[in-house]
Amino acid sequence: MPSSRDAGASPETARRVLASWRARAAGASVAVGAQVFCVGTGVLMPVSLNAAWLAALPAVPAAALLALRARRALKAQRTRGGEVRPLARALRALLALTLLTCGVAQCTALAALAQQTLVTQARAAFALLCALPAAALCAQGQGLGAGRLAFALRWMLPLALFVLTAAALAWEDSAGLFPLLGMGAGPLARAMLCAPGGAVPALLLLLPPPELTQEQLDACPLPGGWFFAWRAALGAAVGVALLFAAALCSSYETLAELTLWGERMRLLSTGRPREGLAQTALSLTQAMALLLGAAALLGGAVQAARGALAGGRMAGERAGRIASAACALLAVLAAWTLVEQGFDGARLAMPLLALPALVLALCAGWL
């Protein structure tokens, strides 16, 4: 129930605050779906092959549980009235690093997808060095624009993914689903342990919308936990559905032969004109989802870093500049490392992000 201070909110303020929360939740939902798809194609599919969609199912409840913890963190921030304690600074710094790592990982996935489908004659390094600045530009304003665009496309984007996926599928051949357990129960179980890494972008919901002031946040009631949970779970379900479609249209033997990340991220077609056009449109839609997810995560990383630095003798504007510069420097260093070492390290490190996510979820009340 709203508190006594909630009663002073005007209808215009209430509508604006609710729209901001919806945009934040939409951005997190797109980021979760993109991350599940990245983890599925980069980590789960090499282990479980056509059962990657089955191995990715634990990401759906994991995303919902992380989103449910968001209200506890937001309520604690609201109770303290903007005061940032030392433990909260450390947790926000950890949150910033986690979101930044997820954002760079999705930029890497975007580069792998584009290099294999859209700019096949270009080098992967060139694709990555184009994807990272594009996501950084979209992340201006701490991800505000990315969240609003994700909210505007909240129904169109998943609908386009489903329609284009169905158009590219060879429904007459469902042999790709068998054997149902992929390479066996043991590899499938190991892959399921990696699946919660796809739910990590739900941590974006631990942060309030960047465009709202503390007065606006205090004037309106916080959304309920399920307001965030079902959106995060829906984003994860879209990622699982894309992995299921990949299993439908690709045989067991074909998936075993795909060794490059970008190859596994696209649906295989038979080369007929209709399916070729559908696959091109599908690749563009997937690239849009990855770009929006990366932008929302990079913007959230800057916001979390700013919250970790603000307060004390450091003014908010100065903290924002330092946070933006630090995140940009870390992202460039990560991109340079990926260019030098390849993409394998990025995709194999994605499941490990579940460990800091667990710490942040357990300590949400101190954030």
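Each remark here, short or long, concerns the structure printed above.
Keep in mind that what you see is a predicted model, and the values were worked out from it rather than measured. (Residues numbered from 1 in each chain as written. Predicted model: local features only at pLDDT ≥ 70, side-chain atom pairs only at ≥ 80, totals over all residues. Heavy atoms only, no water.)

**Student:** Before we go on, may I ask you to explain the environment of A281 in this structure?
**Tutor:** For A281, the location among the structural elements is in helix α13 (residues 273-309). Among the residues examined, A281 registers a relative accessible area of 28% and is labelled partly exposed. (Helix = DSSP H or I, 4+ residues; strand = E, 2+ residues; numbered from the N terminus. Buried < 20%, exposed > 50% of the residue type's maximum accessible area, 1.4 Å probe, protein only.)

**Student:** Quick question: what am I supposed to make of the packing of helix α1 (residues 11-48) against helix α8 (residues 185-194) here?
**Tutor:** Where α1 meets α8, the closest approach of the two axes is 8 Å, and the angle between their N-to-C directions is 160°. The pairing of α1 with α8 is recorded here as roughly antiparallel in orientation. Judged by the sense of rotation from one axis to the other, the crossing of α1 with α8 is right-handed. Residues V39, V43, L44, V47 and S48 of α1 form the contact with α8, whose participating residues are P187, L188, A191 and C194. Taken together, the residues that form the contact of α1 with α8 break down as eight nonpolar, one polar and no charged. (Axes fitted to C-alpha atoms, helices over the stretch in contact; angles between N-to-C directions. Parallel < 35°, antiparallel > 145°, perpendicular 65-115°, else oblique. Left-handed = near helix turned anticlockwise from the far one by under 90°. Contact = heavy atoms within 4.5 Å. Nonpolar A, V, L, I, M, F, W, Y, C, P; charged D, E, K, R; others polar.)

**Student:** Any chance you could explain the pattern of salt bridges here in plain terms?
**Tutor:** Between side chains of opposite charge, a pair can form as their charged atoms come close. Applying the stated rule across the entire model yields two salt bridges. Measuring nitrogen to oxygen at the nearest pair gives 4.0 Å for the salt bridge that ties E12 to R15. Of this pair, E12 and R15 are both found in helix α1, three residues apart, which corresponds to roughly one turn of the helix. R15 matches E12 in its accessibility class, with the two residues each being exposed. When the shortest N-O distance is used, the salt bridge between R347 and D344 registers 3.2 Å. Residue R347 and its partner D344 are both found in helix α15 (residues 344-349); the two are separated by three residues, about one turn of the helix. (Salt bridge = Lys/Arg side-chain N within 4 Å of Asp/Glu carboxyl O.)

**Student:** Can you help me understand the nonpolar core in this one?
**Tutor:** Judged by nonpolar contacts, the single largest core of 117 residues is most densely connected at L95, L203 and F228. Ranked by residue count, the leading element in this core is helix α10 (residues 225-249), at 15 residues. In terms of nonpolar packing, the next biggest core, distinct from the first, is built from seven residues, A26, L153, A289 and L292 among them. (Core = buried A, V, L, I, M, F, W, Y, C linked by side-chain atoms within 4.5 Å.)

**Student:** Just to check I follow, could you spell out the packing of aromatic side chains for this structure?
**Tutor:** Aromatic ring pairs are defined here through the distance separating the ring centres and the angle between the ring planes. Scanning the entire structure with this criterion turns up three aromatic pairs. The interplanar angle of 65° and the centroid separation of 5.8 Å between the aromatic rings of W21 and F228 together place this pair among those described as edge-to-face. With W21 in helix α1 and F228 in helix α10, the pair connects residues that are 207 residues apart, well separated along the chain. As far as burial versus exposure is concerned, W21 and F228 are alike and both buried. Measuring from centroid to centroid gives 5.0 Å for W53 and F244, while their planes differ by 80°, and the two rings are edge-to-face. With W53 in helix α2 (residues 52-55) and F244 in helix α10, this pair connects stretches of sequence that are 191 residues apart. (Phe/Tyr/Trp six-rings, centres within 6.5 Å; stacked < 30°, edge-to-face > 60°.)

**Student:** Teacher, can you tell me more about a nonpolar patch on the surface here?
**Tutor:** Taken together, the side chains of L97, L329, L330 and L333 make up a nonpolar region of the molecular surface, amounting to roughly 370 Å² of accessible area. Broken down by element, the residue count for the nonpolar patch peaks at three residues, all from helix α14 (residues 316-341). Checked against the element boundaries, L97 lands in helix α4 (residues 86-117). For L97, a relative accessible area of 46% corresponds to the partly exposed category. (Patch = residues over 30% accessible without salt bridge, like charges linked within 9 Å, V, L, I, M, F, W, Y side chains within 5 Å. Areas by Shrake-Rupley, 256 points an atom, 1.4 Å probe, with all protein chains shown as cover.)

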